[in-house]
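Commentary on secondary and tertiary structure
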Amino acid sequence: MNMKRFLSAVPCLILPFMLVSIRYEAAAQERAVDTLFSRYTRAEGFTSVTYGNKMLEMMKDGASCELQELLDGIDVIRIISTGEQSGKELSSEAREMAVSAGYGLVSEVSGNENSAAFFFKDESCGMSSFLMVSETPDGTAVLDIYGIFDIKDISKLSGIPPGHQSGLRKDL
């Protein structure tokens with residue numbers, strides 16, 4: 001192969017690697033919600049659950065093709081929950097963080113001492129972030145979903161058959 005041909009092929013070979021590294025570099029940057037989760041993970045009175053890539057792979061077993069495609073785009077699902085005493089502080093902090101970090105309010109539902117706020121943010125790196133803050137008389141939960149997906153895709157998660165929820169709280 002002559003040098004001219006080799007040099008013209010280099011950009012074609014390097015571009016895919018650059019795109020992959022940009023995604024991983026962007027994913028490695030800390031998001032505002034990471035600080036919130038770091039503060040409450042392992043804190044007394046709080047329960048945290050993280051579904052990483054391996055668990056998301058297992059959740060695809062027996063799932064519909066549509067759900068499998070959605071799970072392919074998700075990097076992580078995290079949940080922090082607590083009883084009613086600590087819940088107001090967690091809820092307030094999560095809502096303030098969402099607003100200050102540039103999340104848009106998708107919807108908010110409240111009634112009978114229950115409320116849930118849903119926030120969404122398109123990250124500059126092509127990733128998306130979905131945040132749900134849920135309050136009930138029994139406590140508060142914050143759900144974070146991060147990956148490559150559209151806000152419409154999140155509604156598909158509510159269609160997971162009961163046997164495939166793998167421990168996700170049904171009251172969220």
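Just so you know, the residues in each chain are numbered from 1, in the order the chain's sequence is written. Since the coordinates come from a predicted model, pLDDT governs what is reported: local features require at least 70, and pairs of side-chain atoms require 80 or more to be given and counted, while whole-chain, interface and lining totals use all residues. The side-chain figures draw on all heavy atoms in the structure; neither hydrogens nor water molecules are used.

Below, the discussion takes up the sheet that holds strand β3 (residues 104-111). Spatially, the six strands line up as an open sheet ordered β1-β2-β6-β5-β4-β3, and their pairing is antiparallel. Only two strands of the sheet have a single neighbouring strand rather than two, namely β1 (46-51) and β3. Adjacent strand axes in the sheet meet at a mean angle of 10 degrees when their direction is disregarded. The pairing of β1 with strand β2 (residues 74-82) spans six bridges and is antiparallel. By the bridge assignment for β2, V49 is matched with I79. Two residues form a contact once any of their heavy atoms are found within 4.5 Å. Helix axes use the C-alpha atoms of the stretch in contact, all axes being lines fitted to C-alpha atoms, and the angles between their N-to-C directions lie in the range 0 to 180 degrees. A run of DSSP states H or I qualifies as a helix once it reaches four residues; a run of E qualifies as a strand once it reaches two. Both are numbered from the N-terminal end. Together, β2 and β6 (139-147) form the strand contacts of helix α4 (residues 65-73), whose direction differs from that of β2 by roughly 85 degrees. Only when DSSP finds a minimum of two bridges between them are two strands counted as paired.

Among buried residues, the Ala, Val, Leu, Ile, Met, Phe, Trp, Tyr and Cys ones that are joined through side-chain atoms within 4.5 Å form a nonpolar core. With a 1.4 Å probe rolled over the protein chains alone, any residue whose accessible area is under 20% of its type maximum counts as buried; one over 50% counts as exposed, and the rest are partly exposed. Among the nonpolar cores identified, the biggest contains 19 residues, and L56, I74, I77, F130, L143, I145 and F149 are the most heavily contacted of them. Elements with a minimum of two residues in this core: α3 (53-59), α4, β2, β4 (114-122), β5 (128-136) and β6. Non-local contacts of I77, meaning those with residues more than four positions away in its chain, are made with V49, T50, Y51, L56, L143, D144 and I145. Core analysis: the next-biggest nonpolar cluster, separate from the first, contains 17 residues, V33, F46, M97 and V133 among them.

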